[in-house]
Amino acid sequence: MRTRTGAIALVSGMLILGGCGTAATQTDVFDQQGTYLGDNSNVRDIVQQLPHGDQLKKMELSTKDKPYQLTLRYAGYEEGQVEQKSNRTAIYNATALFTLIPNVDHVNMTIEDTSYHFTKKQLRDWYGKDFTAYDNEKALKAFTKPFIEDELKVKEILN
């Protein structure tokens, strides 16, 4: 009886601890809204939670002099998906980064062999609205979707 009670207590403890660990790692990227570019680990966590964050190969923060810049390098896309997905990823991720990190002025990305350069003002003008007021991922995705799926709009921002 004593062994059975001990085993039950051990298994219960493992389940409780396992459940706590799972809940702690499943965070909403917008929980980190307001992170500053100088906070390297939180910025990396944000980038890795955005689309294709698992394909991030390099991150560089430039915070010594203004304008503050975030430079990202992605790789590992499957052949045939690079152009379409990289354009969408670049635009959405830049929008999200400007929304989540208030002091970032420029976002530079290289996805495979294509380079992208965005400023907060450039995206505000393109959207025709200040997108930095969004406070959740669902609303930001709903806002950006019609722009990102419009090939003419995408060409406009990338040229």
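Residues numbered from 1 in each chain as written. Predicted model: local features only at pLDDT ≥ 70, side-chain atom pairs only at ≥ 80, totals over all residues. Heavy atoms only, no water.

Caption draft 1: Expanded view of the overall build of the protein. Broken down by element type, the protein carries six helices and four strands. Listing each helix as α and each strand as β along the protein from the N terminus yields α-α-β-β-α-β-β-α-α-α. Residue burial in the protein is summarised as follows: out of 159 residues, 36% are buried. Sequence separation of 24 or more characterises 55% of the internal contacts of the protein that already satisfy a separation of 6 or more. Here the protein displays about 9600 Å² of accessible surface, and carbon together with sulfur accounts for 51% of that area. (Helix = DSSP H or I, 4+ residues; strand = E, 2+ residues; numbered from the N terminus. Buried < 20%, exposed > 50% of the residue type's maximum accessible area, 1.4 Å probe, protein only. Contact = heavy atoms within 4.5 Å. Areas by Shrake-Rupley, 256 points an atom, 1.4 Å probe, with all protein chains shown as cover.)

Caption draft 2: Highlighting the pairing of strand S4 (residues 114–119). Here strand S3 (residues 106–111) pairs with S4 via six bridges, running antiparallel. Looking at S4, one finds that Met 109 is bridged to Tyr 116. Hairpin connection from S3 to S4: two residues lie between these consecutive antiparallel strands, with Glu 112 at a positive phi of about 55°. (Pairing = 2+ DSSP bridges.)

Caption draft 3: Broad picture of the nonpolar core. Ranked by internal contacts, the top residues of the largest apolar core, which has 39 residues, are Val 47, Leu 70, Leu 72, Leu 97, Phe 118 and Leu 123. Sort the elements by how many residues they give to this core and helix H3 (residues 82–100) lands first, with eight residues. If we ignore the near neighbours within four places in the chain, the residues touching Leu 72 are Val 47, Leu 56, Lys 58, Met 59, Leu 97, Asn 108, Met 109 and Thr 110. (Core = buried A, V, L, I, M, F, W, Y, C linked by side-chain atoms within 4.5 Å.)

Caption draft 4: Here's a closer look at unusual backbone geometry. Lys 66 connects to Pro 67 through a cis peptide bond whose omega is 0°. For Pro 67, the position within the fold is in the loop between strand S1 (56–62) and strand S2 (69–74). Look at Glu 112: it is not a glycine, yet its phi comes out positive at around 55°. Of note, Glu 112 is situated in the loop between S3 and S4.

Caption draft 5: Structural view of the confidence of the model for the protein. Chain-level pLDDT for the protein is 84 on average; 78% of the residues reach the 70-or-more range. Summarising per-element confidence for the protein, the mean pLDDT is lowest in helix H1 (residues 2–25) (43) and highest in helix H4 (residues 120–127) (97). Throughout residues 5–26 the model reports pLDDT below 50, and contacts reaching past four residues in sequence, or to other chains, amount to zero contacts. (pLDDT = per-residue confidence, 0-100.)

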